[in-house]
Amino acid sequence: MHLSMKRCGFGAALAVASLCTIEPVYASPKANQPNANIAAPELHEIIVTAEKRRESLQDTALSVTALPGAELQKAGIVNAQGLTNLVPGLQVGYSNSNTTFTIRGISSGTDATLGDSAVAFHMDGVFEGRPTAASGIFYDIARIEVLRGPQGTLYGRNATAGTINVIPNHPNFDGYHGSGQVEFGNYGELRTEGMINAPITKTFAVRAAFQTYRHNGYLNDGYNDAADDAARLQALWKPTNNLSILLYADYFHQGGVGNGFVQLPMGSNPWHVSLPLITQSGYVSPAGTTDNTSWMVHATINWRVGDVILTDIPAYHHLTVNYFAYGNGLDNQQNDHDRETSNEFRVASLPGARIQWVGGLYYHNEEQPYWQAFYDNAQPQNPSCCTYLGEGDSLHFIYPTISNPSYAAFGQITYPVTSRFSVIAGLRWNQDHKRVVGGTYKFFGQDTIPFFGPVIPAGTQQLSIATNVSKTWRKFAWKLGVKEKLSRNHMLYASVSTGYKQGGVFAGAPPNTYKPETITAYDIGSKNRFLHNTLQVNADLFYYDYKDMQVDQLEDLPIPGGGYAFGDEIFNAARSTEYGGELETIWLVTSSDQIQFNLSALHARFDQFRFPTQASPPHGGVANPVQFLNLAGQVPTSAPDWTATLVYQHTWSLLSGATLQWRVQTHFESSYWLALDHAFNKNKADSYQPSYTNTGSEFTYTSANGRFFTRLWVRNLENKAVLKTYSYGGAPPAYGSISPPRTFGVTIGAKW
């Protein structure tokens, strides 16, 4: 066989993939294909549920990346941070116990407790408002779906940037089988993982899985370690072909020292910090501790009634965050008890129906008592203080009531005008309510010249800022789109959609509320298979019109009676614009060689934004007045212009029937900033992350029967520290979280 390609121009990058056609010219099979009976290699179909129904990734009119569980294993992804290297336009970091997501330059970096994420995180279809446990669920995974762009119609509020859905492997009736693996690496790493699937009867099956993960701290002070334990249990009952009931429970515990920060700018060895961290009159900051627990239960009930499918997903998620850490130049301690109750009820058309539609009702409520304290033992004003934690004065955020009930009704339809051309329309109504009751307190110890304001007798406390706010927001989100099936392997789509992120309250004196953020997004995309199903090219272009984007900053907030208090104040950027695109390709060059290339381009700017400068420490007990900067034309945080990933994989077939596979992967990101006002504040120059690459490689030996494997791997060959989050408390120095150093090890696994 040989190929001839029609010429086509490079007008729009998107049109190239769909309108350039490849015409195969076949020669005689007998003369040129002696192995014609051997199936040629081709790409497998990936089924996703991005639009609340099962369909092929190549038929889904969305910008979505789907990562099968096997791909996660090969790439060595054991937590959410690893997704950065595989998903175009996605950055993942952490701040203490909170996982932060950024998609297309839109970040979830607002206050992890009082604020809300712009990226909706789902576990098996259940929304988790506080994705602290995101680092402990990457085992026995079927796939991960990352949807870019606002998903306001089907996923609702707080999905202006997109959604991430982690789908585990469910119980099945394919017989008793299981798997297990153990991993050893530098920094004392020991990771174990196991799974067993058991069809108890012809209609009832269970599946259990677990993971443990241990390693020493990547930072020499013990921080950035791992002491995680996770387990998942599922039961599936299918009494008839028309009814299935899935029961799900998971548990995750995160222990050890926990995530830490490094002082900026980083030194020649970024993972080496000065020890002890704090020494002042004999005081040394205690070692960090983390004791976070997350567990969730839910059911997924699917029932076919006539020509419709009824789906109900009741769920409950409980999260406890309890840690002590050094950060922002202060010792800080936090304790949260988060309880989420939700239920989603859907009615949908049958798979394969000519008109595809779905409609439903949704309820979600979050109750979140919150306490956090910052101790000034780090930098006391009295040289004779301090020798123990709490001897100096401290600032406490105490919020016994944070409640957030949400209600929604939604629907979406895909109507085929012709056999190839379809129209898509969706609408969602949201009502969100948030009540916040609590306050900011000063506790005064023996520091007679307290860091947090005027002198008050030792051993006393003062309510600095009282908060009692109750707000309700109502919003419609909509979507209009079209898709054209040019042929079996080529599709074009376009859409206009809106997204909405609820407003909220920050820990400051009134006025201390901020407005919802809204987005109108324009997308045009193309999905294609070429070269006899061996080359896949998917592309998407987008344009965002953003209003009232929510951003936050630590502020020295004036308080009644004089003095000031730190607070994580959240502001609205009036207008901003983003545009760019993604390209995702995968090519089976031969039966032994595979190349994958992903590219993301982004242009993000604020158009109108009066941003408050951080107030200087007070003089005479009175905070300086807050002044405003004009950030029009400035770049949002975590918004690199370019990201790219290149993967090459080669497989050798050995005479014994075993295989040896080599995989090399490199990820590139251009430079970005992590402080909004860096251009106006020279103290924030170290919020700049230069462009970087991150490369990993591995060799995997798999036995002839496919039951055993051994994998040698190395990650971050460059041994480059990447700045992920940034924190500046109003005076130098600043602090940040960084990526892991070079790691290497061996993984041994078996399945039966």
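The structure presented is a predicted model; accordingly, all values stated were derived computationally and were not measured. (Residues numbered from 1 in each chain as written. Predicted model: local features only at pLDDT ≥ 70, side-chain atom pairs only at ≥ 80, totals over all residues. Heavy atoms only, no water.)

**Student:** What should I look at first to understand the overall build of the protein in this one?
**Tutor:** Looking only at helices and strands, one finds three helices and 48 strands in the protein. Burial analysis of the protein (752 residues in total) assigns 56% to the buried set. As presented, the protein carries roughly 30,200 Å² of accessible surface, and 59% of it is formed by carbon and sulfur atoms. (Helix = DSSP H or I, 4+ residues; strand = E, 2+ residues; numbered from the N terminus. Buried < 20%, exposed > 50% of the residue type's maximum accessible area, 1.4 Å probe, protein only. Areas by Shrake-Rupley, 256 points an atom, 1.4 Å probe, with all protein chains shown as cover.)

**Student:** Can you help me understand a nonpolar patch on the surface in this one?
**Tutor:** On the surface, Trp-357, Ile-413, Tyr-415, Val-417, Val-423 and Val-482 cluster together into a nonpolar patch covering about 450 Å² of accessible area. Ile-413 gets classed as partly exposed once you look at its relative accessible area, which sits at 34%. (Patch = residues over 30% accessible without salt bridge, like charges linked within 9 Å, V, L, I, M, F, W, Y side chains within 5 Å. Salt bridge = Lys/Arg side-chain N within 4 Å of Asp/Glu carboxyl O.)

**Student:** How do you make sense of empty space enclosed by the protein when you look at a structure like this?
**Tutor:** Here the idea is plain: a probe the size of a water molecule rolls over the atoms and shows the empty space left. Within the structure shown, the criterion is met by 10 cavities of 30 Å³ or more. Every element with two or more residues in the lining of the largest cavity is listed here: strand S6 (90-95), strand S15 (204-215), strand S16 (226-240), strand S41 (659-669), strand S44 (692-702) and strand S45 (708-715). Broken down by element, the lining of the largest cavity gets its largest block of residues, six residues, from S44. Among the residues forming the lining of the largest cavity, the class breakdown is 16 nonpolar, 23 polar and eight charged. (1 Å grid on protein atoms, 1.4 Å probe; cavity = no way out; pocket = protein on both sides within 12 Å on 5 of 7 lines; lining within 4 Å. Points joined across faces, edges and corners; volume = space filled by probe spheres on them. Nonpolar A, V, L, I, M, F, W, Y, C, P; charged D, E, K, R; others polar.)

**Student:** Honestly, the sheet that holds strand S46 (residues 723-727) in this entry has me stumped. Any pointers?
**Tutor:** Think of a sheet as strands paired side by side through backbone hydrogen bonds, with each pair either parallel or antiparallel. Across the sheet, which stays open at both edges, the three strands sit in the order S18-S47-S46 with antiparallel pairing between neighbours. On the outer flanks of this sheet lie strand S18 (262-263) and S46, each paired with one strand and no other. When S18 meets strand S47 (residues 735-738), the two strands line up antiparallel, connected through two bridges. From the neighbouring strand, Val-262 faces S47, where its bridge partner is Gly-736. (Pairing = 2+ DSSP bridges.)

**Student:** So what exactly am I meant to see when it comes to the nonpolar core here?
**Tutor:** The nonpolar side chains of a soluble globular protein tend to be buried with one another. Leu-83, Leu-90, Phe-101, Ile-144, Ile-164 and Phe-609 are the most contacted members of the largest nonpolar core, which totals 48 residues. Contact partners of Leu-83, with chain neighbours within four places excluded, come to Leu-67, Leu-72, Ile-77, Leu-90, Val-92, Phe-138 and Ile-144. Core analysis: the next-biggest nonpolar cluster, separate from the first, contains 29 residues, Leu-319, Tyr-692, Val-722 and Ala-734 among them. (Core = buried A, V, L, I, M, F, W, Y, C linked by side-chain atoms within 4.5 Å. Contact = heavy atoms within 4.5 Å.)

**Student:** Just to check I follow, could you spell out the pattern of salt bridges for this structure?
**Tutor:** Between side chains of opposite charge, a pair can form as their charged atoms come close. A full pass over the atoms with the stated rule returns 24 salt bridges. Its salt-bridge partner being Asp-140, residue Arg-207 comes within 2.9 Å of it at the nearest N-O pair. Of this pair, Arg-207 sits in strand S15 while Asp-140 sits in the loop between strand S10 (126-128) and strand S11 (141-148); the two residues are 67 residues apart in sequence, bridging distant segments of the chain. For the pair Arg-207 and Asp-140, a shared accessibility class is recorded, and that class is buried. Within this structure, Arg-104, Arg-148, Asp-523, Asp-540, Glu-582 and Glu-584 form a network of salt bridges that share partners.

**Student:** Would you take a moment to explain the confidence of the model for the protein for this structure?
**Tutor:** Atomic detail in the predicted coordinates should be set aside for any region of low pLDDT. Across the protein, the average pLDDT comes to 86, with 85% of residues at 70 or higher. Ignoring residues within four places in sequence, the model shows residues 1-36, a span with pLDDT below 50, making 48 contacts including any to other chains. Every residue in residues 616-621 is under pLDDT 50, and counting partners more than four places away or in other chains gives nine contacts. (pLDDT = per-residue confidence, 0-100.)

**Student:** Where do I start with the packing of aromatic side chains in this structure?
**Tutor:** The geometry of an aromatic ring pair is captured by the separation of the ring centres together with the interplanar angle, meaning the angle of the planes. If you walk through the whole model with that rule in mind, you get 16 aromatic pairs. Ring centres 5.4 Å apart and planes at 50 degrees place the aromatic pair Trp-295 and Tyr-316 in the tilted group. Highlighted residues: Trp-295 in strand S22 (residues 292-305) and Tyr-316 in strand S23 (residues 308-327), separated in sequence by 21 residues. By relative accessible area, which is 33% here, Trp-295 ends up partly exposed. Note on Tyr-316: relative accessible area 24%, which makes it partly exposed. One aromatic cluster in this structure is built from Phe-571, Phe-606, Phe-609 and Phe-611. Between Arg-104 and the ring centre of Phe-542, over which it is positioned, the NZ or CZ distance is 3.9 Å. Seen from the ring of Tyr-139, Arg-232 lies directly overhead, with NZ or CZ sitting 4.1 Å from the centre. (Phe/Tyr/Trp six-rings, centres within 6.5 Å; stacked < 30°, edge-to-face > 60°. Lys NZ or Arg CZ within 6 Å of the ring centre and 35° of its normal.)

**Student:** Where do I start with the pairing of S11 in this structure?
**Tutor:** Both faces of the sheet carry side chains from a regular strand, because those side chains alternate between them. Of all eight residues that make up S11, seven are buried, and the element is covered over most of its length. Two strands pair when backbone bridges link them, and strand S5 (residues 64-68) and S11 are joined in this way by five bridges, in the antiparallel orientation. Bridging from a neighbouring strand, Val-64 pairs with Leu-147 of S11. Relative to strand S12 (residues 162-168), S11 is paired through seven bridges, and the arrangement is antiparallel. Each residue of the ladder has a partner; that of Ile-141, found in S12, is Pro-168.

**Student:** So what exactly am I meant to see when it comes to the sheet that holds strand S8 (residues 106-107) here?
**Tutor:** Reading across from one edge, S6-S7-S8 is the order of the three strands in this open sheet, with antiparallel pairing throughout. Across the chains shown, the open sheet's two edge strands, defined by having one partner strand only, are S6 and S8. Bridge count between strand S7 (residues 98-103) and S8: two bridges; the pairing is antiparallel. Considered in S8, the bridge of Ile-103 is made with Ile-106.

**Student:** Where do I start with unusual backbone geometry in this structure?
**Tutor:** With an omega dihedral of 0 degrees, the bond running from Leu-264 to Pro-265 counts as a cis peptide bond. For Pro-265, the position within the fold is in the loop between S18 and strand S19 (279-280). Located in the positive-phi region is Asp-124, a residue other than glycine, with phi close to 55 degrees. Turning to its location among the elements, Asp-124 is positioned in the loop between strand S9 (119-123) and S10.

**Student:** Help me understand the side chain of Asp-686 in this model?
**Tutor:** For Asp-686, the position within the fold is in the loop between strand S42 (672-673) and strand S43 (688-689). Salt bridges are absent for the buried Asp-686, whose nearest opposite-charge side chain, Lys-684, sits at 9.2 Å. Those residues in contact with Asp-686 that sit more than four places away from it in its chain are Leu-264, Pro-265, Leu-723, Tyr-726 and Ala-734. (Lys, Arg positive; Asp, Glu negative; His and termini not counted.)

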